[in-house]
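Observations on the model geometry
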Amino acid sequence: VQGTGGSSAVSKCSAAARGYIQDRFLRLLVGRRRRRAPLVHRGYYIRARAVDHCVQDFLLKTQSHPRTQILSLGAGFDSLYFRLKDMGLLHHTVVYEVDFPNVACQKATLIKTMKELSALVGDIGGEGLGVITFSGEDYKLLGVDLSELSELERALEEAGLDNEIPTLFIAEVVLTYMENSRSDALIQWAAEHFSQACFLLYEQMHPEDPFGRVMQQHFSQLNSALHSLAQYPDCEAQQRRFFEKGWTECSIMDMNEFFTCWTPEDEQQRVQALEPFDEYEEWHLKCSHYFVLTASKGMEPSWTPLLSNMTVPHRDGPVMMAGSITATVCAMHSEISGLRRYGHHSVLIKPNVILTTGGFGEEDGQHCRMRNFHVLIKHAGYWKAGCVKKENPDKRWDERLYHTVSCLSNSLALVVGGRTSPSSAGLGMLWLKFPETYNASDPDDITVELVSLQPPAEPAALRWRHSTTEVIFKGEKYLFLYGGRSAVEPVLGDWYFLHTQELSCTVIPVGGPVPESRHSHSACSWKGGVLIAGGLGAAEQPLGSVFFLRELEHGFQWETVETHPPLIPRYSHTAHVHDGKLLLVGGVWFHSSSVPGIAVIDLMTGLCLDYAINVEHLEWPLMLHNHSSTFLPNEKELLLIGGGGNCFSFGTHLNPEPVLLNLSNILTSH
């Protein structure tokens, strides 16, 4: 548990070094330096921002009181006191910090030996007596085990804590490491013993969905299990907990909501531009698994820093599900690790033959950007997997992620876009040629030839997280290239018509209301045009709009597809059209109470129904984002390949096996 405190201090320090948070004191308190990933920087940024927002609000609301105090529980190597003191916010406030005795002693030694720190505090001596490891005019550092409540109470009394003045308790990912009976007792003690009290809690929730299971497993492996999750799995349970323990006001929100509603737009944009970033799914999932809670009692006026004056967009209770679809592991005749990947693309190159290319995953026991192509062939009722032989393989493939592959004939496909690293320019186009005939019982028999485009591709292709969809105009086939993002533009809203023979961009007039820019959306061919659904928009907010690009006599026209109830905004899903119905598979949304399953939109009536995916037959968490899916119309089945991602600092999850969903019961005509 003490190790988690040290590692979070290192992460905060790395975020400060990159400009996410302003904090010149962390580097003095944190010994080791490590550069963390951009996803981790964002996670610690939002945590620091939420805590600072609530602490500063407390100091502002209580500035008319002659004396106030802050008690930071499990403070570790946090720099809160030094930042507040440096900003001149502690005129009449004393800060008490409590942590394990050895942590408190280490911190006290650091403060005494660092001039910058000791000058701010002003050491008044008196430490080393019992549990007080450092004592300043307005700062007391105590070494006590928080789970021993009577010891804690005695130590605080000795240090001068006053239970009659406004007091803010801070517990930033601390209580969850204690047994529930002990953390509950602490929450109740704070409410009962202090006449004017406020409590700030930041920790994890939603243990049972796929991301939650990966998160729990990570902390268990560190030998620091998260105890509160089973009893208090969500916002409602945490709120009830505080009311039952004697607090009269309590508000709570997850971190997606905090970032959207409590972070000014210019600040959101500043943070989004600090580093090349392309892990939106994991950022939003991380934020939906952490909450910030504030509770108070006896405060005049009441302290409610999280009650927004605006109506909150996504706190409308659980998603109504129309039913569920059972997931089963796909029966395979050959195991292959290469299908464990995400950010890849799968395409049906012939009936019952699926080619999977690119992405990030597992190859030869290593996690890497995938070089090999893999094929799945259905033969005699079973799927067989094989590794494709590449003819003239070279740098042209570039191990790309978030590209598209469009099959143009039974021996030719076009790869468009994709990226290596998010800081590098997008990749162009490439032909894949494969034989017209093959041995259906032997997946390893298939060869693919990579052919560069002469002359080099259109600059239009230098993008990723886009879509390429076949459309027909005046009897000619075109690929409609839409949306996505590039190394320069975080979101694109432009489109191109690529003539499938010459691969040149053709100008075709398009009218109607232009959809807002988006990436990670879905696109399906339908009636000669394209259906675009969902995606992530300009402010990194999921979109719920559906558009149809319809073929007319002289060009195309954008039309809005109205859905009712409105489609819940989502992105990073896949989509298929069957029999007048649009199916959206998986993805990420902001409803932290559940994960997206399958949405079925009736394109005639606009009726939109969400179905949950029942995973009881799977022994592992099924993460349905950055996956690929193939619809098999004869069986009315969906085959899901890959999916998953880098789950914050909890490790990478890759769905280990392909999964089948039988849709026959939801696709039967009503």
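Residues numbered from 1 in each chain as written. Predicted model: local features only at pLDDT ≥ 70, side-chain atom pairs only at ≥ 80, totals over all residues. Heavy atoms only, no water.

A sheet is described by the order of its strands in space; here 8 strands give the open sequence β31-β32-β33-β34-β9-β39-β36-β35, paired in mixed fashion. The sheet terminates laterally at β31 (574–578) and β35 (628–632), the two strands that pair on one side only. In this sheet, adjacent strand axes meet at a mean angle of 25° when their direction is disregarded. When strand β36 (residues 637–641) meets strand β39 (residues 659–662), the two strands line up antiparallel, connected through 4 bridges. By the bridge assignment for β39, Glu637 is matched with Asn662. (Pairing = 2+ DSSP bridges. Helix = DSSP H or I, 4+ residues; strand = E, 2+ residues; numbered from the N terminus. Axes fitted to C-alpha atoms, helices over the stretch in contact; angles between N-to-C directions.)

Below, the discussion takes up the pairing of strand β8 (residues 290–297). β8 sits mainly inside the fold: 8 of its 8 residues count as buried. A two-sided burial pattern is seen for β8, the buried positions comprising Tyr290, Val292, Thr294 and Ser296 on one face and Phe291, Leu293, Ala295 and Lys297 on the other. Pairing of strand β6 (residues 197–204) with β8 involves 8 bridges; the strand directions are antiparallel. Considered in β8, the bridge of Ala197 is made with Lys297. (Buried < 20%, exposed > 50% of the residue type's maximum accessible area, 1.4 Å probe, protein only.)

Position of Ser183 among the secondary structure elements: in helix α8 (residues 180–193). In this structure, the C-alpha to C-alpha distance between Ser183 and Ser228, residues 45 residues apart in sequence, is 8.6 Å. Discounting chain neighbours no more than four positions away, the residues touching Ser183 are Leu175, Met178 and Arg241. (Contact = heavy atoms within 4.5 Å.)

Counting across every chain of the model gives 2 cavities of 30 Å³ or more. In this structure, the second largest cavity encloses a volume near 40 Å³. With 3 residues, the single largest contributor to the lining of the second largest cavity is helix α12 (residues 255–262). Class assignment for the residues of the lining of the second largest cavity results in 4 nonpolar, 4 polar and 1 charged. (1 Å grid on protein atoms, 1.4 Å probe; cavity = no way out; pocket = protein on both sides within 12 Å on 5 of 7 lines; lining within 4 Å. Points joined across faces, edges and corners; volume = space filled by probe spheres on them. Nonpolar A, V, L, I, M, F, W, Y, C, P; charged D, E, K, R; others polar.)

So, to be careful, I would describe these as geometric facts and stop short of saying anything about function.
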